[in-house]
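# Descriptive analysis of the structure
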Amino acid sequence: MIVKLLNSKPLRVIAVILAVAGGPVVKASDKIACDSIAVNVIPEAVTDSCDLKEPSINYAYYNRLKKRAEMWNRLIPNMFTLQYAGGIGMLSGGIGWDYGSSNQWETHLLLGYLPKRYHYHHYWTFTLREIYSPWSIDIKNRWNITPLSISLSVNSILHGDFWTSQPERYPDGYYWFSTKIRFHLGLGQRFSFNIPEEKRLLGRRISVYYEISTCDLYVRQKILNSYIPLKDIITIGIGLIYTI
C-alpha cells in the first residue's frame, strides 16, 4: 500500500517540485538534458513532465524549393559555341544547353557576323539550332566520338534589307518566299575530349565538330534546275564547343 501511494502521480509531481526548488540551478551552459534529470531525480515523474519532441520539418516545402532550384539551374547555359562558316555567318558564337537521358538533345542560340563584301553592307544573323545525337562512343573515359548528329536550324538576317513578307513595291507573287528567314538541315560529327576532374577549371569537355548543311531555298533551286551542281547548295561549317 505504501509503495502504491508513493508511486501515485500527485506525490511524483510534488517530489519533482521539491527536487527542482531545492536542487541546483540548471543553466543552458551546463547542457544537462532533461533525460539525465529524470534519471537523477525520479524517472517517471520527470519523464511525464518533460515532453521532448523533435521539431517538425515540412519536407514537402523543402522538396518544392529543391525542384524550383533545379528548374532554374536548367535554364543556365552550359555550352558555349564558336563556329566558322556554315551558312549562318562567317563567324558565329553563342550559348547552348544539353539535356535528355544521355544529353542527346541540344539547343543553341547563335549570333553571327557576315562582313562587308564588295559594295554590300555587313550583316548580323541570329540562329536557333536544335541538335539530336542518337548515340556516342566513349574511348577510355577520356575521348568521345559522336558518329552522327542531326541539326535543324532557323536563321534570320537582322537587317532591313531583308523581309519576311514581300514589300508592296514588287508585283504580287514576285517573291513568294521570305528573304529574311532560312531553314537549315544539317548532318555532322563531333570529337570530344573529357577534361580530367583534377585539371578542370570551368569546363568538363572540349569538342570539335563539322557540319554539312543546306537550306530550303537551295533545295528549291536544285529541284527547279537539276543542272545546279550539288556543291552549290551545300555549306560546310566547323566549330568548337566548350561544355561546363
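Small disclaimer: the values here were computed from a predicted structure and weren't measured.

## With respect to the overall build of the protein chain
Across its full length, the protein chain holds 6 helices and 9 strands. In the protein chain, the proportion of contacts linking residues at least 24 apart, taken out of those at least 6 apart, comes to 52%. Accessible area for the protein chain stands at about 17700 Å²; split by element, carbon and sulfur atoms hold 64% of it.

## Considerations on the environment of P147
Here P147 lies in strand β6 (residues 143–157). The partly exposed category is assigned to P147, whose relative accessible area is 22%. Taking C-alpha positions, P147 is 7.9 Å from I137, a pair spaced 10 residues apart along the chain. Ignoring any residue separated from it by four or fewer positions in sequence, one finds P147 in contact with W135, S136, I137, G188 and Q189.

## Some words on the pairing of strand β4 (residues 123–132)
For a regular strand, side-chain orientation follows a simple rule: the groups alternate between the two sheet faces. Every second residue of β4 is oriented toward a common face, the buried set being Y123, T125, T127, R129 and I131 and the non-buried set W124, F126, L128, E130 and Y132. Where strand β3 (residues 105–114) and β4 come together, 10 bridges link them in antiparallel fashion. Bridge pairing in β4 places G112 opposite T125.

## What about the side chain of T146?
When you line up the elements, T146 lands in strand β6. In this structure T146 touches S133, W135, S136, Q189 and R190, once residues within four positions along its chain are discounted.

## Digging into the packing of aromatic side chains
The final tally for this structure, using the stated rule, is 5 aromatic pairs. Ring plane angle 40° and centroid distance 4.6 Å describe the contact between W105 and Y132, whose orientation is recorded as tilted. One end of the pair, W105, is in strand β3; the other, Y132, is in strand β4, with 27 residues separating them in the sequence. Overall, the relative accessible area of 34% leaves W105 in the partly exposed class.

## A closer look at unusual backbone geometry
Phi is positive for A85, which is not a glycine, with a value near 65°. Positionally, A85 belongs in strand β1 (residues 79–85).

## Brief notes about the pattern of salt bridges
Using the criterion set out here, one finds 5 salt bridges in the structure. One salt bridge in this structure joins R190 and E106, with 2.6 Å as the shortest N-O distance. One end of the pair, R190, is in strand β7 (residues 181–194); the other, E106, is in strand β3, with 84 residues separating them in the sequence. As far as burial versus exposure is concerned, R190 and E106 are alike and both buried. Close ionic contact of R129 with E211 constitutes a salt bridge, the shortest N to O distance being 3.6 Å. Taken together, the positions of R129 in strand β4 and E211 in strand β8 (residues 205–215) put the pair 82 residues apart, joining distant regions of the chain.

## Some thoughts on the environment of R190
For R190, a relative accessible area of 8% translates into the label buried. Once residues lying within four places of it in the same chain are set aside, the contact partners of R190 are M79, E106, I131, N144, I145, T146, S207, V208, Y209 and I241. There is a polar contact of 2.6 Å between the side chain of R190 and the side chain of E106.

Reading the values: rules and limits
Residues numbered from 1 in each chain as written. Predicted model: local features only at pLDDT ≥ 70, side-chain atom pairs only at ≥ 80, totals over all residues. Heavy atoms only, no water. Helix = DSSP H or I, 4+ residues; strand = E, 2+ residues; numbered from the N terminus. Contact = heavy atoms within 4.5 Å. Areas by Shrake-Rupley, 256 points an atom, 1.4 Å probe, with all protein chains shown as cover. Buried < 20%, exposed > 50% of the residue type's maximum accessible area, 1.4 Å probe, protein only. Pairing = 2+ DSSP bridges. Phe/Tyr/Trp six-rings, centres within 6.5 Å; stacked < 30°, edge-to-face > 60°. Salt bridge = Lys/Arg side-chain N within 4 Å of Asp/Glu carboxyl O. Polar contact = N/O pair within 3.5 Å; in protein donor to acceptor, adjacent residues only side chain to side chain.

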